[in-house]
Amino acid sequence: PNDPYNVIPTDCPLLNESVPFYMNYDVSESDGSVLAIAGGTNVYYSFDGANSMQKITTSSTISGGPRTVHVAGANPYVVYVGSGSGFVSVTQNAQDAPVTWVKSIKQVGTVSGFVTDANDASHVWVSISGYGSGNKHFWRSTDFGKTWEAPATNLPDLDASSIARAPNGNLFLGTTFGVLYSKDNGVTWAPLRDGLPLCQVTKLRVRGTGSQWLLATTYGRGMFRININDLPPVVVNS
């Protein structure tokens, strides 16, 4: 807290609560000055690049504590939170006081990543970490997380650590053994190799002019990128 290069303001209550070793945070795709941080107990929100931060939850808002957070690009006042108890909570008024939260009725699992439609904050896709979830490592919702569906028909039981979505609708999951991709909104999936080693993928992002690049960071093998426009069709083995 006394480090002059600490990005968190010294008067922020986040410094006084138990936090994970790696805190999950997200910056709005549409406004780089808006971000949210998942602390050990609460979620903190800033609209001025972290010069000031406000606590937008109470200790009882997020059951199990926040683990993953996402600021919707289509509306920076929409914030999604994945909890330690496997539920998703969302607010549509993060800038207000008090902030109103709605918890999903379905326990989807430990959310490792969120992505929302760049033009519609109510459309959200999530990756689920851990093992033993069968085809339930991917969920999607079109109503701010009120209802969920897991449409995948051939998704392997791999720990999914991240998710990304291209403007053309392609979805990508970062897993223990590389990247899987879908061109039909998450129904069928195929491995995306093409030079990427079969290693743990820790984070995925879509970047570049026209959002044509998929970037993948890995555990111990560096960072890779591939042109989304060059992806082959998804081939599902019968």
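On a predicted model such as this, the values are computed, not experimentally measured, just so you know. (Residues numbered from 1 in each chain as written. Predicted model: local features only at pLDDT ≥ 70, side-chain atom pairs only at ≥ 80, totals over all residues. Heavy atoms only, no water.)

1. Here's the deal with the sheet that holds strand β9 (residues 111-117)
Spatially, the 3 strands line up as an open sheet ordered β9-β10-β11, and their pairing is antiparallel. Each having just a single partner strand, β9 and β11 (138-141) make up the two edges of the open sheet. Within the sheet, the average angular offset between the axes of one strand and its neighbour, ignoring direction, is 20°. Sheet topology places β9 next to strand β10 (residues 120-128); 6 bridges connect them, and they run antiparallel. Paired with Thr 116 across the two strands is Val 124, which belongs to β10. (Pairing = 2+ DSSP bridges. Helix = DSSP H or I, 4+ residues; strand = E, 2+ residues; numbered from the N terminus. Axes fitted to C-alpha atoms, helices over the stretch in contact; angles between N-to-C directions.)

2. As for the layout of surface pockets
By volume, the largest pocket is sized at about 1,200 Å³. Those elements that place two or more of their residues in the lining of the largest pocket are β1 (24-27), β5 (66-71), β9, β12 (160-165) and β16 (201-207). Residue contributions to the lining of the largest pocket peak at 7 residues, all from β9. Looking at the lining of the largest pocket residue by residue, the classes come out as 20 nonpolar, 17 polar and 9 charged. (1 Å grid on protein atoms, 1.4 Å probe; cavity = no way out; pocket = protein on both sides within 12 Å on 5 of 7 lines; lining within 4 Å. Points joined across faces, edges and corners; volume = space filled by probe spheres on them. Nonpolar A, V, L, I, M, F, W, Y, C, P; charged D, E, K, R; others polar.)

3. Brief notes about the pattern of salt bridges
In this structure the tally under the stated criterion is 3 salt bridges. Arg 207 is the partner of Glu 29 in a salt bridge, and the nearest nitrogen-oxygen pair spans 3.2 Å. Linking Glu 29 in the loop between β1 and β2 (35-38) with Arg 207 in strand β16, this pair joins segments that are 178 residues apart in sequence. For Glu 29, a relative accessible area of 53% puts it in the exposed group. Across the pair Glu 149 and Arg 140 runs a salt bridge whose closest N-O atoms are separated by 2.7 Å. Given a relative accessible area of 39%, Glu 149 falls into the partly exposed group. (Salt bridge = Lys/Arg side-chain N within 4 Å of Asp/Glu carboxyl O. Buried < 20%, exposed > 50% of the residue type's maximum accessible area, 1.4 Å probe, protein only.)

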